[in-house]
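Read off the chains here:
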Amino acid sequence: MPTESAFRVVQAGPSASLQDAGRYGVRHLGITQGGAADLHAWAWANWLAGNAWGCAVLEVTFGGLTLEASRTLTVALAGADLGATLDGERVSPWASFKVTANQRLTFKAPKAGLRAYLAVEGGFAAEPVLGSVSGVAREKLGGHDGEGGALRTGDELRAVPVDNPENQALRVMPADQIPDYDQPPTLEFVLGAQAGDFRGISLFDFFNRAWAVDNRSDRMGIRLKGPVLRSTVGSMVSEGLALGAVQVPPDGQPIVLLNDRQTIGGYPRLGTLPPLACSRLAQCRPGQHVRFRPIPLDRAHHAYLEFLGAFC
């Protein structure tokens, strides 16, 4: 597939990497899925750019990134408000817009949310590794360089060319689909097989107390700070870990496992956050508070299929 230069990295921020829908069918090899931490914003960024499900976009965490366009492009921005500007003019998220050669797109500090998603019409292009271009730094897989690395100053981002980009229609996000990242979320939660091994007061506290996002969180997992949770399980044989699994280590502070998680683990699990709940949690900045509410597995499954049906 032919590709052309889309952007040059003028200034690299703390973390920006190519992410698609993820890497599947490889966990038996000990390789994690990767993919966009906020699947909701990633999907809408591609929709705004006129792309099909699965196209790679740029996940920008915390901002601090400046890109210079190589040619005329139709691009879209979704997810966190990182104070983006185009040649100094404000660019709002949840819409598509045009950039021309040599214009500079700059991401500053987070104003709302944590991760922004930049899509380009046709999709960013890189060599797939095990079926995906998603960058996973720990495993040195995928990304723009094939080794999972974050963008560095001087790097080039390439994209699939499209015909007549100047004539492509622009799209705006439906207002009722735009989340308010400043509001403390209440996240849906599916109790797991080991929930019965937790003491009653721990279950009560989990659902009735607010939890603060720890500053040690990353794409592997979101650590939460709050009341101490106690399980009657001492040690376990390691089990496979799904996206959103909530492990409780000996310190009693839960960890919600995200896209770059390890594939197995031996801590007791209270349950699992559905994918869209993981997406919302991935936008919470350190110190923000979250709550949880239980829902049945079939309801969570139906909601996820309904979301996918809007794009696939």
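Here goes a summary of the coordinates provided. (Residues numbered from 1 in each chain as written. Predicted model: local features only at pLDDT ≥ 70, side-chain atom pairs only at ≥ 80, totals over all residues. Heavy atoms only, no water.)

### With respect to the sheet that holds strand β13 (residues 186-191)
One closed barrel holds the seven strands; their spatial order is β13-β20-β17-β18-β15-β14-β21, and the pairing between them is mixed. Sheet twist, expressed as the average angle between the axes of neighbouring strands with direction ignored, equals 40 degrees. Judged from the three bridges that link them, strand β15 (residues 221-225) and strand β18 (residues 255-257) form a sheet pairing that is antiparallel. Counted as the bridge partner of Ile222 is Val256 from β18. Its contacts with the sheet place helix α2 (residues 200-208) against β13, β14 (211-213), β20 (269-272) and β21 (289-294), and it is angled at close to 120 degrees to β21. (Pairing = 2+ DSSP bridges. Helix = DSSP H or I, 4+ residues; strand = E, 2+ residues; numbered from the N terminus. Axes fitted to C-alpha atoms, helices over the stretch in contact; angles between N-to-C directions. Contact = heavy atoms within 4.5 Å.)

### Some thoughts on the pairing of strand β1 (residues 4-11)
Pairing of β1 with strand β12 (residues 156-159) involves four bridges; the strand directions are antiparallel. Each residue of the ladder has a partner; that of Phe7, found in β12, is Leu157. Here β1 pairs with strand β4 (residues 65-69) via four bridges, running antiparallel. Residue pairing in the sheet places Gln11 in a bridge with Thr66 of β4.

### Topic: the pairing of strand β9 (residues 104-107)
Pairing of β4 with β9, which is carried by four bridges, proceeds in the antiparallel orientation. Residue Leu67 lies in a different strand from β9, and its bridge partner there is Leu105. Sheet analysis places strand β6 (residues 85-86) next to β9, joined by two bridges and oriented antiparallel. Note on β9: the bridge partner recorded for Leu86 is Leu105.

### Brief notes about the packing of aromatic side chains
Enumeration over the complete set of coordinates arrives at 13 aromatic pairs. Ring geometry for Trp42 and Trp53: centres 4.8 Å apart, planes at 90 degrees, overall edge-to-face. Pair noted here: Trp42 is in helix α1 (residues 39-48) and Trp53 is in the loop between α1 and β3 (57-61), with a separation of 11 residues, a long-range link. With a relative accessible area of 0%, Trp42 lands in the buried category. By way of ring pairs, the aromatic residues Trp42, Trp44, Trp47, Trp53, Phe307 and Phe311 are connected into one cluster. (Phe/Tyr/Trp six-rings, centres within 6.5 Å; stacked < 30°, edge-to-face > 60°. Buried < 20%, exposed > 50% of the residue type's maximum accessible area, 1.4 Å probe, protein only.)

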